[in-house]
Amino acid sequence: MRDKIKDLFNKVDQYIIESKEQAEQFRLMFLSRKGELSNLFNDFKNVAAEDKKEIGLLINQLKDKIQQRYDDAKNNIDNTSTVNTNAEDYTRPGFPFETGTSHPLTIIRQKIISTFENIGFTVASGPEVEDDWHNFSALNFPENHPARDMQDTFFIDEKFALRTHTSSVQIRLMENNKPPFRALMPGRVYRNEAISARAHCFFHQVEGLYIDKNVSFADMKQTLLYFSKEIFGEQTKIRLRPSYFPFTEPSAEMDVSCFICHSKGCSVCKHSGWVEILGCGMVDPAVLQNCNIDPEVYSGFAFGMGIERIAMLKYRVNDLRLFSENDIRFLKQFNAANE
Ligand code: PHE
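Not measured: the values here are computed from a predicted model.

### Comments concerning the pattern of salt bridges
Right, on to step 1. Enumeration according to the criterion identifies 15 salt bridges in this entry.
Right, on to step 2. Put simply, glutamate 98 and lysine 332 hold a salt bridge, and the shortest N to O gap is 3.9 Å. Note that glutamate 98 is positioned in the loop between helix 4 (52–88) and helix 5 (104–117) and lysine 332 in the segment after helix 11 (328–331), a separation of 234 residues in sequence. Each member of the pair glutamate 98 and lysine 332 is classed as exposed.
Right, on to step 3. Of the charged contacts in the structure, one is a salt bridge between arginine 172 and glutamate 130, with a shortest N-O distance of 2.7 Å. Of this pair, arginine 172 sits in helix 7 (residues 167–176) while glutamate 130 sits in strand 2 (residues 129–131), placing them 42 residues apart in sequence.
Right, on to step 4. Linked by salt bridges that have partners in common, Arg239, Arg241, Glu253, Asp255 and Glu276 make up one network.

Encoded structure:
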């Protein structure tokens, strides 16, 4: 009897079960009413009383082993067969891959950059923590002059502040290179303003600089007209209103004809037919001098605009805070491919 049980242990170990049919044969051979296990229990009656305890234990161990072997094999076969059937089903719908979208400010920034790249502008960058010279003094803001209050500044210490505009990059570019210049300065800027739907303590700008021999106000006007048509549509008109910036003379603010109501009057243009887009002007000779560029030989223009403002107008967004709150329901609505 002991030998028989030992044999059966080996037989169970060596039995190959790789298919449903083999599993069924295994069950019939070992577990069915006429199977090996059942035979053993029948023979158990004839075991001598003093051996009953030991043999009974062995039979029970064998029974557990058979059951375990059968359950494991069945599980394996079931799992493999599911994977197999699925892998072969080429009609199954694919897994959804959600692609992200570009941030609206990124879309507008790229559009502005590529518009100017088409007419030969390059892109320049500089630090967000700036010294007084690059953010103010070199740009012709005299010390203690009220013009410095035009932009509420976050000071870090006596010497450094968070840049209030990317005009500081114009100075860095002119200091370290030789004219001519035709460059764009996109970047984040900071102003100490209370956060509301219309103002934030940081926003994004694109400024531009064009310096060469014989550059005139008319060149600036033509460049900005080209830009406005590219961004707001072929029928767009521009107008320049006199303004003041310490670093440009003369200075102007540029409006575009309202691209929403086509100047018929709407809430966006406040029924004036025009919307303000950017500041611009001819670079002040004092600024050129500060950067060791001879204003008798070179002249040029500069302009600067807020990316948020253009994005708000183009996408009809009425709250500036939406751009920095990262609400996925807002961000999902923008698609660079449609631009
Ligand atoms: N730096 C100005 C601003 O931030 C914008 C500007 C740039 C105006 C260049 C004129 C020329 O408000």
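Let's pick the thread back up.
### Focus on the side chain of threonine 223
Right, on to step 1. Along the chain, the position of threonine 223 falls in helix 8 (residues 217–232).
Right, on to step 2. Using a relative accessible area of 11% as the deciding quantity, one classes threonine 223 as buried.

### A look at the domain arrangement of the chain
Right, on to step 1. Domain annotation for the chain reports domain 1 (2–86) and domain 2 (104–338).
Right, on to step 2. Spacing between the C-alpha centres of domain 1 and domain 2 amounts to 83 Å.

### Notes on the nonpolar core
When a protein is soluble and globular, its nonpolar side chains tend to lie buried together.
Right, on to step 1. If you look at the biggest cluster of nonpolar residues, it comprises 45 residues, and the most contacted ones within it are Ile112, Leu278, Phe303, Met305 and Ile310.
Right, on to step 2. Excluding its chain neighbours within four sequence positions, the residues that come into contact with leucine 278 are Leu224, Phe227, Ala252, Glu253, Met254, Phe303, Gly304 and Met305.
Right, on to step 3. Core analysis: the second largest hydrophobic core is formed by 24 residues, Leu139, Ile171, Val283 and Ala302 among them.

### Focus: the packing of aromatic side chains
Right, on to step 1. Overall, the coordinates contain 18 aromatic pairs when judged by the stated rule.
Right, on to step 2. Ring centres of phenylalanine 121 and tyrosine 210 lie 6.0 Å apart, and the angle between their planes is 85°; this geometry places the pair in the edge-to-face category. Placement of the pair is phenylalanine 121 in the loop between helix 5 and strand 1 (122–123) and tyrosine 210 in strand 5 (residues 202–212), with a sequence separation of 89 residues.
Right, on to step 3. Residue phenylalanine 121 is classed as buried on the basis of its relative accessible area, which comes to 3%.
Right, on to step 4. Each member of the aromatic cluster is reached from another via a ring pair, and the members are Phe116, Phe121, Tyr210, Phe227, Phe301 and Phe303.
Right, on to step 5. Here the basic side chain of lysine 52 rests over the ring of phenylalanine 44, its NZ or CZ set 5.3 Å away from the ring centre.

### Observations regarding the site of the ligand
Right, on to step 1. Neighbouring the ligand are 14 residues; His165, Ser167, Arg191, Gln205 and Glu207 lie closest to it.
Right, on to step 2. At 3.0 Å from a nitrogen atom of the ligand is found a side-chain nitrogen or oxygen belonging to serine 167.
Right, on to step 3. Contact distances for the ligand include 2.9 Å between an oxygen atom and a side-chain N or O atom of arginine 191.
Right, on to step 4. Protein coverage of the free-state accessible area of the ligand, which is 320 Å², stands at 92%.

### Describing the layout of surface pockets
Right, on to step 1. The space that makes up the largest pocket amounts to roughly 1300 Å³.
Right, on to step 2. Lining the largest pocket are 45 residues, and of these Arg198, Glu276, Ile277, Gly306 and Arg309 sit closest to its centre.
Right, on to step 3. At the level of elements, helix 7, strand 5, strand 7 (248–257), strand 8 (274–283), strand 9 (299–306) and helix 10 (307–315) are the ones that each hand at least two residues to the lining of the largest pocket.
Right, on to step 4. Split by residue class, the lining of the largest pocket holds 21 nonpolar, 14 polar and 10 charged.
Right, on to step 5. Taken as a whole, the second largest pocket spans an internal volume of roughly 210 Å³.
Right, on to step 6. Taken together, 15 residues line the second largest pocket, and the ones lying closest to its centre are His103, Leu105, Arg188, His204 and Glu308.
Right, on to step 7. Contributing elements (two or more residues each) for the lining of the second largest pocket: helix 5, strand 4 (181–190), strand 5 and helix 10.

### A look at the environment of alanine 73
Right, on to step 1. Looking at the secondary structure, you find alanine 73 in helix 4.
Right, on to step 2. Residues alanine 73 and phenylalanine 155, 82 residues apart in the sequence, show an inter-C-alpha distance of 73 Å.

### Here's the deal with empty space enclosed by the protein
Right, on to step 1. Enumeration according to the criterion identifies one cavity of 30 Å³ or more in this entry.
Right, on to step 2. As for the largest cavity, its lining consists of Glu130, Asp131, Asp132, Asn135, Phe136, Phe155, Glu158, Lys159, Phe160 and Ala161.
Right, on to step 3. Every element with two or more residues in the lining of the largest cavity is listed here: strand 2, helix 6 (132–135) and strand 3 (160–162).
Right, on to step 4. Tallied by class, residues from the lining of the largest cavity come to four nonpolar, one polar and five charged.

### Quick word on a nonpolar patch on the surface
Right, on to step 1. Taken together, the side chains of Val129, Ile156 and Phe160 present a nonpolar region at the surface, about 240 Å² in accessible area.
Right, on to step 2. Considering the arrangement of structural elements, one finds phenylalanine 160 in strand 3.
Right, on to step 3. By relative accessible area, which is 31% here, phenylalanine 160 ends up partly exposed.

What counts, and at which threshold
- Residues numbered from 1 in each chain as written.
- Predicted model: local features only at pLDDT ≥ 70, side-chain atom pairs only at ≥ 80, totals over all residues.
- Heavy atoms only, no water.
- Salt bridge = Lys/Arg side-chain N within 4 Å of Asp/Glu carboxyl O.
- Helix = DSSP H or I, 4+ residues; strand = E, 2+ residues; numbered from the N terminus.
- Buried < 20%, exposed > 50% of the residue type's maximum accessible area, 1.4 Å probe, protein only.
- Domains from an automatic or database assignment.
- Core = buried A, V, L, I, M, F, W, Y, C linked by side-chain atoms within 4.5 Å.
- Contact = heavy atoms within 4.5 Å.
- Phe/Tyr/Trp six-rings, centres within 6.5 Å; stacked < 30°, edge-to-face > 60°.
- Lys NZ or Arg CZ within 6 Å of the ring centre and 35° of its normal.
- Near = heavy atom within 4 Å.
- Polar contact = N/O pair within 3.5 Å; in protein donor to acceptor, adjacent residues only side chain to side chain.
- Areas by Shrake-Rupley, 256 points an atom, 1.4 Å probe, with all protein chains shown as cover.
- 1 Å grid on protein atoms, 1.4 Å probe; cavity = no way out; pocket = protein on both sides within 12 Å on 5 of 7 lines; lining within 4 Å.
- Points joined across faces, edges and corners; volume = space filled by probe spheres on them.
- Nonpolar A, V, L, I, M, F, W, Y, C, P; charged D, E, K, R; others polar.
- Patch = residues over 30% accessible without salt bridge, like charges linked within 9 Å, V, L, I, M, F, W, Y side chains within 5 Å.

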